[in-house]
Each structure stands twice: as structure tokens, then as C-alpha cells.
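Spelled out from the first residue to the last, the chains are:
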Amino acid sequence: MVNWHDHLESDSAVCHGQLRIRGTRVYVTNILDSLAEGATREQIIASFPSVQTADIDAALAYAADLAREESILPIAGR
């Protein structure tokens, strides 16, 4: 699994501190939303030419880490 720390960054001086692909202004949420809507990796890269396949993998790894932290964001009804 890719280490998302190597591909993602947050800086309060850039994009209001939103988590983004390192060296770009592409938010991780843009990548995850695109995947959730059914976009392929190729479509995402076509939409965001500065994004590489490893960056998409990093966004997914980040989301997986968040999902493991259910205590931070508990699922309602459980």
C-alpha cells in the first residue's frame, strides 16, 4: 500500500489548509468524490493532469486510514 504521507499535504497558506495532492491545488476530496461517482483513474488523470496514479492510490489509502478511525467519526445508529 502506498504511504499517503508521501503524496498528500496540507498548508494553511495554500487552499485554506485543505488536504491536497502534494505540489498541486487538487483536493483529496476531489479525487475521492470522482471515484465515488464512478470515474476511472484515467478519467481523473484527464481531468487533473497534475495527478498521477500513485496520488489516487494515496487518496484511497488516506480514506482507508480514516475509515479505521471510527472512534473519531462514529457511524450513526451503531
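Whatever comes next refers back to the structure up there.
Remember, predicted model here, so these are calculated numbers, not experimental data.

## Overview of the overall build of the protein
Phase 1 of the analysis: A count of helices and strands for the protein gives 3 helices and 2 strands.
Phase 2 of the analysis: Of the regular secondary structure in the protein, the N- to C-terminal order runs β-β-α-α-α.
Phase 3 of the analysis: For the protein, buried positions account for 26% of its 78 residues.
Phase 4 of the analysis: When contacts within the protein are restricted to residue pairs at least 6 apart in sequence, those whose partners lie at least 24 apart make up 37%.
Phase 5 of the analysis: Accessible area of the protein: about 5,200 Å², with a carbon and sulfur share of 52%.

## Remarks on the packing of aromatic side chains
Phase 1 of the analysis: Going through the model one piece at a time under the given rule, you end up with 1 aromatic pair.
Phase 2 of the analysis: Taking the centre distance of 4.8 Å and the plane angle of 75° together, the rings of Trp-4 and Tyr-62 count as edge-to-face. Placement of Trp-4 in the segment before β1 (8-9) and of Tyr-62 in helix α3 (residues 53-68) is noted, with a sequence separation of 58 residues between them.

## A word on helix α1 (residues 28-36)
Phase 1 of the analysis: Residues of α1 that are buried: Val-28, Ile-31 and Ser-34. When α1 is viewed along its axis, its buried side chains cluster within an angular range of 135° and face the same direction.
Phase 2 of the analysis: Where α1 is buried, its residues meet β1, β2 (20-21), α2 (41-47) and α3.
Phase 3 of the analysis: Looking at the residues trailing α1, positive phi occurs at Gly-38, about 100°.

## Observations regarding the side chain of His-7
Phase 1 of the analysis: Tracing the backbone shows His-7 in the segment before β1.
Phase 2 of the analysis: Overall, the relative accessible area of 18% leaves His-7 in the buried class.
Phase 3 of the analysis: If we ignore the near neighbours within four places in the chain, the residues touching His-7 are Val-2, Arg-20, Ile-21, Arg-22, Ala-54, Asp-55 and Ala-58.

## Let's talk about the nonpolar core
Phase 1 of the analysis: One finds Trp-4, Leu-8, Ile-21, Val-26, Val-28, Ile-31, Ile-44, Val-51, Ile-56, Ala-58, Ala-59 and Ala-61 forming the largest nonpolar core, which totals 12 residues.
Phase 2 of the analysis: Of all elements in the fold, only α1 and α3 reach the threshold of two or more residues within this core.
Phase 3 of the analysis: In this structure, Leu-8 is in contact with Leu-19, Arg-20, Ile-21, Arg-22, Val-28, Ala-58, Ala-59 and Tyr-62, ignoring residues within four places of it in sequence.

## Here we look at α3
Residues spaced three or four apart along an α-helix point in a common direction, a consequence of the helix completing one turn every 3.6 residues.
Phase 1 of the analysis: Between its terminal C-alpha atoms α3 stretches 23 Å, which fits the 22 Å expected from 16 residues at 1.5 Å a residue.
Phase 2 of the analysis: Buried positions along α3 lie against β1, β2, α1 and α2.

Cut-offs and rules
Every residue gets a number counted from 1 within its own chain, in the order that chain's sequence is written. Only residues with pLDDT of at least 70 are given local features in this predicted model, and only at 80 or more are side-chain atom pairs given and counted; all residues enter the totals for whole chains, interfaces and linings. Side-chain measures were taken over the full set of non-hydrogen atoms in the model, leaving aside hydrogen atoms and water. Helix numbering and strand numbering both begin at the N terminus, where a helix is a DSSP run of H or I of at least 4 residues and a strand a DSSP run of E of at least 2. Relative accessibility thresholds used throughout: buried, under 20% of the residue-type maximum; exposed, over 50%; partly exposed, between the two (1.4 Å probe, protein chains only). Any two residues whose heavy atoms approach within 4.5 Å are treated as being in contact. Note on areas: Shrake-Rupley, 1.4 Å probe, and residue coverage restricted to the protein chains presented here. Here a pair means two rings of Phe, Tyr or Trp (six-membered ring of Trp) with centres within 6.5 Å. Their orientation is stacked below 30 degrees between planes, edge-to-face above 60, and tilted elsewhere. Regarding the arc, it is the one traced by the directions from the helix axis to the C-beta atoms. As used here, the term nonpolar core means buried Ala, Val, Leu, Ile, Met, Phe, Trp, Tyr and Cys residues forming a set that is joined through side-chain atoms within 4.5 Å. A helix is expected to span 1.5 Å multiplied by its residue count minus one.

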